[in-house]
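For reference, the chains in residue letters:
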Amino acid sequence: MHDESASFQVTKHTATLLSAVEAFSWGLHRLLVVGDDGTAIKILTQSDVVAYLVSLADKFPSIMNSSLQSLGIGNQPVVTAKTSMTALEAYRIMTNSNTTALAVLDDNGIIRANLSASDLRGVHRESLKHVLHPVLDFLSFVYAGNVPTPVVVTKDTSILQAMKMMCEYRIHRIWVVEETPEGQKIVGVMTLTDAVHVFCPWHNWASPKHLFRLDKRARMDKKQMILPRN
């Protein structure tokens with residue numbers, strides 16, 4: 001298991017959402033929220049917090065309308081694989097880089113696909129031979145000929161729009177590209193960690209009154225976290 005997906009911690013239901021934001025901003029991916037007796041109440045994820053912050057977008061207009069570039073997001077190196085590689089070679093890069101997804105680029109650096117650990121779901125012993133095929137052929141097999149188009153943004157995209165797209169497509173990272181005559185050239189990546197990190201107090205953006213307490217009345221549905229407001 002990747003350290004990225006194994007990142008986990010336990011917290012009491014009396015913890016503030018602000019404390020969860022701070023934990024998630026350093027790369028933690030999920031929190032097990034427990035009651036006073038240690039009984040599990042829920043698992044809180046980075047995705048839940050990002051969806052909740054999106055629902056409060058009108059409380060943070062200055063940051064939500066800011067571009068990724070102005071916030072310094074999307075400048076870090078990107079883990080990539082070439083279309084000429086086999087899926088097995090690409091997954092080896094993924095494992096060695098301790099990540100769960102990478103961008104698949106052609107020889108000109110243009111993004112052609114996204115490869116993630118989740119693409120292995122449904123691949124059984126009989127079909128495992130397909131990982132020896134080129135990455136795009138493997139993805140074509142996995143998705144029955146309909147390889148998903150990579151979800152991308154540019155440096156001029158607002159963080160709110162990027163966060164909405166991550167929630168809509170249920171993804172943990174979104175590729176940052178620049179438009180060129182040849183196509184979309186990848187220049188960076190934005191992760192859920194990046195999104196949450198911006199709302200930490202040291203950025204002077206977050207307003208603590210809008211980061212409510214987690215308690216037993218809080219609940220989550222499949223799309224967003226719902227917290228009590230008192």
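Scroll up to find the structure.
Let me sum up the structure you'll find in this document. Predicted model, so just to flag it, every value in this text is computed and none were measured.

**Looking at the overall build of the protein**
And then number 1: Helix and strand counts for the protein come out as eight helices and eleven strands.
And then number 2: Residue burial in the protein is summarised as follows: out of 230 residues, 47% are buried.
And then number 3: Within the protein, counting contacts between residues at least 6 apart in sequence, those at least 24 apart form 57% of the total.
And then number 4: Of the roughly 12000 Å² that the protein leaves accessible, carbon and sulfur atoms contribute 50%.

**A few points about the sheet that holds strand β8 (residues 173–180)**
And then number 1: Taken together, three strands build an open sheet; the order of strands is β7-β8-β9 and the sheet is mixed. The open sheet terminates on both sides in strands that have one partner only, identified here as β7 (152–153) and β9 (183–191).
And then number 2: Pairing of β7 with β8, which is carried by two bridges, proceeds in the parallel orientation. Among the inter-strand pairings, Val 152 is bridged to a residue of β8, identified as Trp 175.
And then number 3: Strands β7, β8 and β9 of the sheet are contacted by helix α7 (residues 159–169), whose axis makes an angle of about 85 degrees with β9.

**Topic: the pairing of strand β3 (residues 40–45)**
And then number 1: As paired elements, strand β2 (residues 30–34) and β3 share five bridges and run antiparallel to each other. Paired with Leu 32 across the two strands is Ile 43, which belongs to β3.

**What to know about the environment of Ile 171**
And then number 1: With respect to the element layout, Ile 171 can be found in the loop between α7 and β8.
And then number 2: Taking the C-alpha atoms as reference points, Ile 171 and Leu 192, 21 residues apart in sequence, are found 8.6 Å from one another.
And then number 3: Beyond its immediate chain neighbours, meaning those up to four positions away, Ile 171 contacts Val 151, Met 165, Met 166 and Leu 192.

**Details of the nonpolar core**
And then number 1: Formed by 37 residues in total, the largest nonpolar core has its most connected members in Met 64, Ile 159, Met 163, Met 190 and Phe 199.
And then number 2: Elements represented by at least two residues in this core include exactly α2 (17–25), β2, α3 (46–55), α4 (61–64), α7, β8 and α8 (192–197).
And then number 3: Broken down by element, this core gets its largest block of residues, six residues, from α7.
And then number 4: With 14 residues, the next largest nonpolar core counts Tyr 91, Ala 113, Leu 115 and Leu 139 among its residues.

Calculation criteria
- All residue numbers refer to position in the chain's written sequence, counted from 1.
- With the structure being a predicted model, the display of local features is reserved for residues of pLDDT at least 70 and the display and counting of side-chain atom pairs for 80 or more, all residues being used for whole-chain, interface and lining totals.
- Computation of side-chain values: all heavy atoms of the structure, hydrogens and water removed.
- Secondary structure follows DSSP: runs of H or I at least 4 residues long count as helices, runs of E at least 2 residues long count as strands, and numbering of each begins at the N terminus.
- Under the scheme applied here, a residue whose accessible area is under 20% of the maximum for its type counts as buried, over 50% as exposed, and between as partly exposed, the area being computed with a 1.4 Å probe on protein chains only.
- A contact between two residues is defined here by any heavy atoms of the two lying within 4.5 Å.
- The Shrake-Rupley method, run with a 1.4 Å probe, gives the accessible areas here. Residue values count only the displayed protein chains as cover.
- Any two strands with at least two DSSP-identified bridges between them are counted as paired.
- Simply put, an axis is a line fit to the C-alpha atoms, just over the touching stretch for a helix, and the angle between two N-to-C directions goes from 0 to 180 degrees.
- The term nonpolar core refers to a set of buried residues drawn from Ala, Val, Leu, Ile, Met, Phe, Trp, Tyr and Cys, joined through side-chain atoms within 4.5 Å.

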